Each structure stands twice: as C-alpha cells, then as structure tokens.
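Geometric and topological summary
Below are the chains, spelled out letter by letter.
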There are 2 protein chains.
Amino acid sequence: MTAPGTLPPRPGPADHLPAATDPEVLRRLTEALGDKVRTDPASLAAARTDESGHATDAAPLAVVEAQEIEDVQAVCRICTATGTPIVTRGAGTGLAGGAIGGAGEVVLSTARMDRILEISPQNRLAVVQPGILNGTLNAALAEQGLWWPPDPASKDISSVGGNIATNAGGLLCAKYGVTRESVLALKVVLADGTLISVGHRTVKGVTGLDLCALMIGSEGVLGVIVECTLKLRPAVTGPVPTIAAFFEDVEAAAAACSAVTAAHLEPAVMELLDEQILAAVSAHTGVDLIDRGRSYVLIQTDGPGAEATAQAIRAVLEANGGRVEFARDPAEAARLVQVRREVHPAMTRLGTALIEDVAVPRDRLAAMYARIADIADRYDVAIPTNAHAGDGNLHPTFVFAGTEVPPRVWDAADELFQYAIELGGTLTGEHGVGVLKRRWLGDELGTDQLALQRRIKAAFDPDGLLNPGKVFAP
Amino acid sequence: MTAPGTLPPRPGPADHLPAATDPEVLRRLTEALGDKVRTDPASLAAARTDESGHATDAAPLAVVEAQEIEDVQAVCRICTATGTPIVTRGAGTGLAGGAIGGAGEVVLSTARMDRILEISPQNRLAVVQPGILNGTLNAALAEQGLWWPPDPASKDISSVGGNIATNAGGLLCAKYGVTRESVLALKVVLADGTLISVGHRTVKGVTGLDLCALMIGSEGVLGVIVECTLKLRPAVTGPVPTIAAFFEDVEAAAAACSAVTAAHLEPAVMELLDEQILAAVSAHTGVDLIDRGRSYVLIQTDGPGAEATAQAIRAVLEANGGRVEFARDPAEAARLVQVRREVHPAMTRLGTALIEDVAVPRDRLAAMYARIADIADRYDVAIPTNAHAGDGNLHPTFVFAGTEVPPRVWDAADELFQYAIELGGTLTGEHGVGVLKRRWLGDELGTDQLALQRRIKAAFDPDGLLNPGKVFAP
C-alpha cells in the first residue's frame, strides 16, 4: 500500500450522459431556483472545504441553498438531465472531506432546511428537516423533557442530517448507542429526483429491506436525506456523579477502563487522555496536570442508579491503580470535565492537527496505544491521542508544522490504520471515509465486499452523480 | 387490491443458468456433503412449512444440514452452478412462510451450526453460529452476568440466525430495542459461495455502507448468515415490580398506555389484552377475568429505579381509569404474568388462528383497535387482539374453523393492513413478509422504493437464487 500524496481528480459523470456546459447548467438551476443558487466567491470558497482542512482543487459550479423538498428534487432532476455531479452538504463540519465540492459540481446545501416539523411525546419521536443543528434541536426537546441522544463533540455546530449521513458517534455511544439507533425513518430524494420514504414511524417495522438503516452513514453517495423522523428518549434527569482518575501510564489507564466494562458497569462517559494530551492541556491552561499522573480518565454516570454505579466504578479504578477524585458538586465536576474540553484547543496550539479516528475492540485499547507510541517514534511525528474508552474509539492526532500533510504522516497513518484493522477494529469509528480515507476502504472491507458495495451504490445512483469520489475511489 | 387466494408457483432460476436435473443436483450435493444431505420424507415434509401453518405445494429437493461455513459455501457453489434455488432455514419457527422450501429448491438448514464461539465480557460481545437457540445462548450468557436482549415470544425455540434474519421483536423493544440494535457484525455467504464479513467487532464503525444493518431483517433473500457477533448488555438485576390493570374497554386501556409513554416513563414490558382475549383466557384457565374488566394491561419495570418508575406508572394508570393490582412478590407477579402467557394456548382452543402483526404509532393504538372491531363485525370473523402496547405492535388473531384461510379472512386482513399503513404504521412489526405478505409489499413501500429494493436484491443475488418468491413476489 502506498499512502496518498495529492488526491486524483474527481471523476466526471457517466459517459452516456449529456455533457451540458457549465453556463447551461447554471441557467437551468437559476431558472428553477432563483436566488437560492449562489455563485458568489465566498459561498463557493466555503463549500470547497470542511473542518478537516482539506480542500478541493477548484471551486464548485454553484451552491444551491435548498429550503423545501421540491428544491432538492429540482436540483436532482436538472443535474441528472445535464450529467452534473451533486455534493450534498449540511453544516460543513465534517472531518473527512465528505461534503466538499469541486470543479463542475453542484453543492446542494440543506443548511436552510432547518425546521422542526413535529415533536410527539406520545410517540417519543420528532420530525425535522435535515439542516437543523443538533444542539438547536436538543434545546427545543429539553423544554418537553425529551432528548435526541447522538452527541458528537460538534453538536452545537453540526446538523442532524450530517449526523445521520455520517452515523455520528460521540461521547455517549457505549451507553446510548450510535446515531443509527436514534433514527426511525427518512425521506430521501434519489439522484433522478424521485422521493422515497424509508423506515417507519413505529418502533418496530420489518416490511422489506431496511433501507433506512442503509442510508445512515452513507455519506451522500446513495441519496439526499430531506426529512428525518427521530427516535427520542426521555431526558436524563438527576445528579451526574463525575470521576477523574490519574494513572501511571496510558496502558494502566486503558486496562482500568477495560476492567470497568468487564465488571458490567455502564458509565455514560468514559474518556481517556494520554500523557502528551495532558502535557498540552497543562501548557494551554497553566494548570500542571502531569504532576499528578501520566494519564487521565474522566467518567460520568447518569440516570437511575448513577451514584451506586459511580461508587462501583471508583472501586474498579482504584483496584487498577487509579488515584481517584470524585465530584458530586456541579462546579467541582465542571472543573474535572474542563480538562477534557480543553483537548481540542490545546492541540491546535501545537501546530496543524490531523485528527484520526480508529476504533478497536475495547480490550485492545492498551495494545493500540502501545503501537501508536511506537509509530510516533519511528516516523518522528507527535501523535497525542485521546479516546472514547467506553467504546474503543481513539483519536490519534498527528501534529505537524505547515498546512500540507507531510508524506511521512500519511505513512504513519497508514500503519496505524492497518494495525487497527488487524486488531479487529476499523479505520473510522465516527468521522466517515469521505475523500481522506477512501484509499483504505478495500483494506477493511475486502475486495469482494467492496465490489458488492459498488453494485449497491449503482442500484441507487446508476449514473454515479451523487458525491462522486467520496467513500468509493474513482 | 385483491386478497390472495392460492399463491402462484415459485419462479424458476434465471433463464441463462444451466438447468441441471434434480438427480444431478442431488448427486453433486451428496458428493460434496455426504450424509448432511437429507432426503428422507420426514425431513422434507418438515421443511415445507413453519409455525404459520402455511405449506408449499410440494417437497423440496433436499434439506442440507450444514455444520460449518464451508458446508454453506459448498451448497451455494453447487446451487449457483446448477441454477438451483436456496432456502435458508433456522429453527423453522417463522410466522410468515419465510423459510419454507418447495419443488426444485434446496433447503439449507443452519440448525446444526449451533455453537458459541466466544463470549467476551471485556468487549461485551458474543460470537455464535446462527443455529443456536436464543434461549440456549441466553442461559450461557446469564452465567456470566450478561444478556442478549432480543426477546421474541419464541425465544426458547427460535434461533439467533432466524431472529436476525427477521429482525425479531418481542416484549421488550420499547426499552431495549429491536434485534438490529443488538448485532455488531455478521459473516455472510453470498449466492455464489463468496464469504464476506460485514459490520464491526467494535461499538462504533462507519467504514463504507452499513451492510450489517441491511442484512438484518432481510429474510434470506440477500445472503446466508453463517456467523454472528452479538452486542450484549449486562444482565438486568434486582426486583421486577409487576402491575396489572383492568379497564372498562380497550380504548381506555390503549389511552392509558399512551399516557404512560407521554409521561416519559419507560416500562420494560407493557402488554395489552382486549375483551375477547380475556374471555378466551378465562375459558381456558377457568378463572373469571372478564368479571373484573374488559381489558387488561400488564406492565413490568426493571433495572435501577424500577420501583419509582412502577409507582409513577401506577399513578398514570389510575388517573386514566385503571383498577390496579401491584405485585412485588415474585409468586404474585407470576400470577399476573400468567394471564399474558395463556393467550396463545387460549387462542388455539378457539379454532385455527392466523396471527397477524401490524404496528402503528403508539398514539394510534386506540384507533387501530376501534377499526379492528369494525372489521370483525363487517367480515363476520372473530379477531381477538393483543398488543405490545409499549411499541404499538398489535397481533390481531383471525380465528376460524378448518385449516384453509377463508377468502373473507384475507379480505378482512387486507383492510386491516391498509388501515395500519394509513395510520403511519406497517403491515408487519416483527414477523416479516415471507410469502404471506408479499402481495402488500408495494402498498407500504411504494412503487419507486419497491423497484429500488429489487435492484438491491439483484446486486447481492444477480441470478435470483436466494429464497425466490419470499418478500418479493415473482
């Protein structure tokens, strides 16, 4: 395997389609959608990149700010008629280049489709447009004592549609599940403009193949999600006991986290920071944490039984060498949580940060950490790594100078991905494949499954117009 | 729409495939698989039917009792080479004719692939072969304080593979989710014998399309599930407060259940029996229940906070007109639960029972009950109906004399399905489509989605050899 240097250009539309000129496509879009079609330089420039920092080589043809399902259908019909690729984009907070638009492409933004259509406590569901931000939705739900559990770190700035399109994870997945488990039904526009409804407004439903589940995490390559029926939970109430534990080294911390899971205990949050992260947070905040240990574990429990669970967890951590601080007071708890919150700002002070996203079986967390240290050494690159230890999802963060990812960093990342797969893990736990990881797709899926996945993509999108070059290499 | 009378014959294999003679197919199977190939009349007769009572018109060619993945691959290769349809079958407890074999078909039984390969408390997962019974697995897990939540009524006699192939439901879904939420990864043999691994051994994983979720509930039409990595939970411990409530009529009972959900309370079990069910159970057990009310709601809470939740539920039921009995003593609780357990035996005493399986949004439960009463009246057929009220899944049971389903029963069922769909529900909550409901598939999915689902089926199984005629009509 060779690591990617520059990425190859995105493929054009299928050969048999009419190749309309760019002005002709723009003319048709504007005729149908008026000033929802944006071609100003700022809009085009913004749509070329996302939070990964990766950008396409050139600006897209246009950004269409859809407001209704009919707008999305109109864009899809025009693009199919003219053989124009469609890149669906939500809030643009992706970390894998999955929603970035390049030359000759139309970026279909759902950011202005941001209404709540229904909240039903009787059915414990909400129906929303895809562009609403996760945090905005949850603020509205909280007023009714309800909660949509997906909890990516980006929740205040990322959209529900984007959360669904990437099957977003977050801090609470071991206890509350991934996004897929919080979606009941979707309305989807296919490449040719056809509108279908997949899933059910009911808790159960097994009529036909589960295309709702298949859409979740499909990163815009199968269809455009235009309406979302979300499965809610009652808001979790009561105190949230908070535990911080310092360990001698990251292997000891990882082993302690594994022991918590093996003891059948269910924390809501179980986060692990390694020594380099602690050092960076210390430098950033001026509070010397390294002094107190070489690895930090933050645990919170919630809901009924939270206090008893927290006490049981404390015992496991101490039996595994942890020095535990236990906070019931919200202000004191906030201080412990703040250490975790400072990770991202502390990282960005160190240099350019490429945030990776492997996941491994939970009992292999220590093994993965050991290999990351070895890789950092051999490739001469800093890789501070935090982990959602409750679910085995690590974020090795490659830190380097300059804006371009140096080749040795891709080489190091390649070795890291291969080892995660070897451990029975995955090269992306929650960020998605996008363009940045498509080179490795076959390494994890195998040749036969990759071919099958391409056939499924073609069953949805025979002309290859939906987000070409994302997930699947050209 | 016309209701089905006799079903049309199953389709033959695709035209371009070689049409080997039956003796030639048998010769090849026996050469490769020896005495795993069963052609004795008892084996063939058993494979023609399932718990629905529906049977194929003729015996299958053979039943192959696979023991290893390689056996499954060998059967698939031979069947593809000879253009022979493959019907995968687990424990044969289906209720929709989804795993029954007819003329010219090979029934591929996974019943003898019944080993537990791994239980990992550290990773909270188990790896099993598909033929193990749900109850057998859970007995082994309980010894380690673990639990696999899918809880169909058939759990002691149904297989894990069958539970997965139908996305089985049960009594606990509102609180603990459907089967899809308890499966991490699968090994799948495709029609041509290719083995693929879908899903992840990790809690999170978003590499490529989610084919693991797509396989769940696919009823044998996409591939053969040969190994299952299951997501476990810690066993639920502590007392299980049990509530029985009698209501004046089923509408009042349904409204009370809806009020429990709207009050953000989470029972583990919330079952509803209507007047006809109560009458049948009274007749069957000799205990006069009708005397005490016209509808019965059984509720159990579990886990941390079970007692407080139960008390809050009691208050909601009483505020909604329920006369509540509350049991903390296990023997007394068992007596209340027994009423629910007697439903199936009581039904079978009344005549032949066709157990239907619609689901509706939870706040439409009363509306569905009202329509069922109206349909029973107009079509002159008894339809006692119990419901998993926590998730809106109803089992209207058509009771009639003789063994053949009379045309008026299918007409009544047709009207019932259409109304469930009209309410935003589904024609099957947990039993699957099989052969018995394939006529209605397009009514729920719509023409465009049905065509898409057929294209996906073809992407997996281009020759149409896997369970032809099931789910999708020929």
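Within every chain, residues take consecutive numbers counted from 1 along the sequence as written. Here every chain gets a letter starting at A, and every ligand a number starting at 1, in the order they are written. For this predicted model, a pLDDT threshold of at least 70 governs which residues receive local features, and a threshold of 80 or more governs which side-chain atom pairs are given and counted, while totals over whole chains, interfaces and linings are taken from all residues. Hydrogens and water are ignored here; the side-chain numbers use all heavy atoms of the structure.

Under an unreviewed UniProt entry, the name given to chain A is FAD-linked oxidase, and the organism recorded is Tersicoccus solisilvae. UniProt positions are given in the numbering used here, feature names are shortened, and annotations may be inferred rather than shown by experiment. According to UniProt, the comment filed for chain A under the heading Cofactor (unreviewed entry) is "FAD".

Considerations on the domain arrangement of chain A
Residue and element names in this part refer to chain A. Annotation comment: domain bounds sourced from an automatic or database domain assignment. Per the domain assignment, the segments of chain A are domain 1 (22–112), domain 2 (116–234) and domain 3 (242–422). Each of domain 1 and domain 2 was reduced to a C-alpha centroid, and the two centroids are 22 Å apart. Contact residues are listed per partner, giving 16 residues for domain 1 and 21 residues for domain 2. Note on definitions: buried area is the accessible-area loss of two parts on being combined, 1.4 Å probe, summed for both. Summed over both sides, the interface between domain 1 and domain 2 buries roughly 1,300 Å², with carbon and sulfur atoms accounting for 62% of that surface. When residues of domain 1 are sorted by the area they lose upon contact with domain 2, Ile 69, Thr 93 and Thr 110 head the list and together hold 33% of the total. When checking whether two residues touch, look at their non-hydrogen atoms; a contact exists if any pair is within 4.5 Å.

Some details on helix 8 (residues 250–262) of chain A
Residues and elements named next belong to chain A. Taking 1.5 Å per residue, 13 residues should reach 18 Å; helix 8 reaches 18 Å between its end C-alpha atoms and fits that length. Every helix listed is a DSSP run of H or I at least four residues long, and every strand listed is a run of E at least two residues long, numbered separately from the N terminus. Structurally, helix 8 contributes buried residues whose contacts are with strand 12 (242–247), strand 13 (269–273), strand 14 (295–300), helix 10 (306–319) and helix 13 (365–379). A side-chain oxygen of the first residue of helix 8 lies 3.3 Å from the backbone nitrogen of Glu 251; this N-cap is Asp 249. A positive phi of about 65° marks His 264, the residue just after helix 8. Helices are assigned an expected span. That span is 1.5 Å times one less than the residue count. Within 3.5 Å is the distance limit for a polar contact, defined as a pair of N or O atoms, with the added protein rule that one can donate a hydrogen and the other accept it, and that residues adjacent in sequence qualify only through two side-chain atoms.

What about the relation of the copies chain A and chain B?
Mapping chain A onto chain B calls for a rotation angle of 180° and an axial translation of 0.0 Å; the resulting RMSD is 0.0 Å. Taken together, these values place the two copies in the relation of a two-fold axis. Looking at the interface residues of chain A, 100% of them are also at the interface in chain B, so both copies use one shared face. Superposition of the copies was done by least squares, using only C-alpha atoms of residues whose pLDDT is at least 70 in both.

A look at the state of the cysteines
Whenever a pair of cysteine sulfur atoms sits within 2.5 Å, that pair is classed as a disulfide. The full count for this structure, using the stated rule, is 0 disulfides over all chains. In this model Cys 173 of chain A remains outside any disulfide bridge; the closest cysteine sulfur is found in Cys 257 of chain A, 16 Å from its own. Residue classification places Cys 173 of chain A among the buried residues on the basis of a relative accessible area of 2%. For the unlinked cysteine Cys 212 of chain B, the closest cysteine sulfur is that of Cys 228 of chain B, found at 9.3 Å. When accessible area is computed with a 1.4 Å probe and restricted to protein chains, residues below 20% of their type maximum are described as buried, those above 50% as exposed, and intermediate ones as partly exposed.

Some points on the UniProt feature "domain: FAD-binding PCMH-type" (unreviewed entry) in chain A
As annotated by UniProt and renumbered to match this structure, "domain: FAD-binding PCMH-type" (unreviewed entry) occupies residues 56–235 of chain A. Annotated as 21% helix and 25% strand, the span residues 56–235 of chain A places its first and last C-alpha atoms 41 Å apart.

A few points about the sheet that holds strand 6 (residues 125–128) of chain A
All names here are of chain A. Pairing in this open sheet of 5 strands is antiparallel, and the strands run 5-6-10-8-9 from one edge to the other. Every other strand in the sheet has two partners, leaving strand 5 (116–120) and strand 9 (195–199) as the edge strands with one partner each. On average, each strand axis in the sheet is tilted by 15° relative to the strand beside it, whichever way the strands run. Judged from the 6 bridges that link them, strand 8 (residues 183–189) and strand 10 (residues 224–231) form a sheet pairing that is antiparallel. Residue Leu 186 lies in a different strand from strand 10, and its bridge partner there is Cys 228. The rule for pairing is simple: two strands pair if DSSP sees at least two bridges between them. Every axis corresponds to a line fitted to the C-alpha atoms, with the helix fit spanning only the stretch in contact, and the corresponding angles, defined between N-to-C directions, vary from 0 to 180 degrees.

Digging into unusual backbone geometry
A negative phi holds for most residues other than glycine; trans holds for most peptide bonds. Residue His 264 of chain A is not a glycine yet carries a positive backbone phi of 65°. Checked against the element boundaries, His 264 of chain A lands in the loop between helix 8 and strand 13. The residue Glu 219 of chain B is not glycine, and still its phi comes out positive at about 50°. Locating Glu 219 of chain B in the fold gives a position in the loop between helix 7 (211–215) and strand 10 (224–231). For Glu 219 of chain B, a relative accessible area of 8% puts it in the buried group.

Digging into the side chain of Gln 73 of chain A
Within the secondary structure, Gln 73 of chain A sits in helix 3 (residues 69–82). Each residue touching Gln 73 of chain A, except ones within four places of it in the same chain, is listed here: Val 189, Gly 193, Thr 194 and Leu 195 of chain A.

Considering the side chain of Gln 129 of chain A
Residue and element names in this part refer to chain A. As for its position among the elements, Gln 129 is in the loop between strand 6 and helix 4 (134–142). A polar contact of 3.2 Å, which involves the side chain of Gln 129, links it to the backbone nitrogen of Asp 114. Here Gln 129 is in contact with Gln 67, Glu 68, Met 113, Asp 114, Arg 115, Leu 117 and Val 226, once residues within four sequence places are set aside.

Regarding the pairing of strand 3 (residues 86–89) of chain B
Residues and elements named next belong to chain B. Residues Ile 86 and Thr 88 line one face of strand 3 and the alternating positions Val 87 and Arg 89 line the opposite face, and both faces are buried. Examined bridge by bridge, strand 3 and strand 4 (residues 106–109) share 4 bridges and lie parallel to one another. In the sheet register, Thr 88 faces strand 4, and the bridge partner there is Leu 108.

A few points about helix 3 (residues 69–82) of chain B
Residue and element names in this part refer to chain B. Compared with an ideal rise of 1.5 Å per residue, which puts 14 residues at 20 Å, helix 3 spans 20 Å between its outermost C-alpha atoms and is within 8% of the ideal. With 11 of 14 residues buried, helix 3 is to be regarded as a mostly interior element. Of the residues making up helix 3, those classed as buried are Ile 69, Asp 71, Val 72, Gln 73, Ala 74, Val 75, Cys 76, Ile 78, Cys 79, Thr 80 and Thr 82. One or two residues past the end of helix 3 sits Gly 83, with phi positive at roughly 65°.

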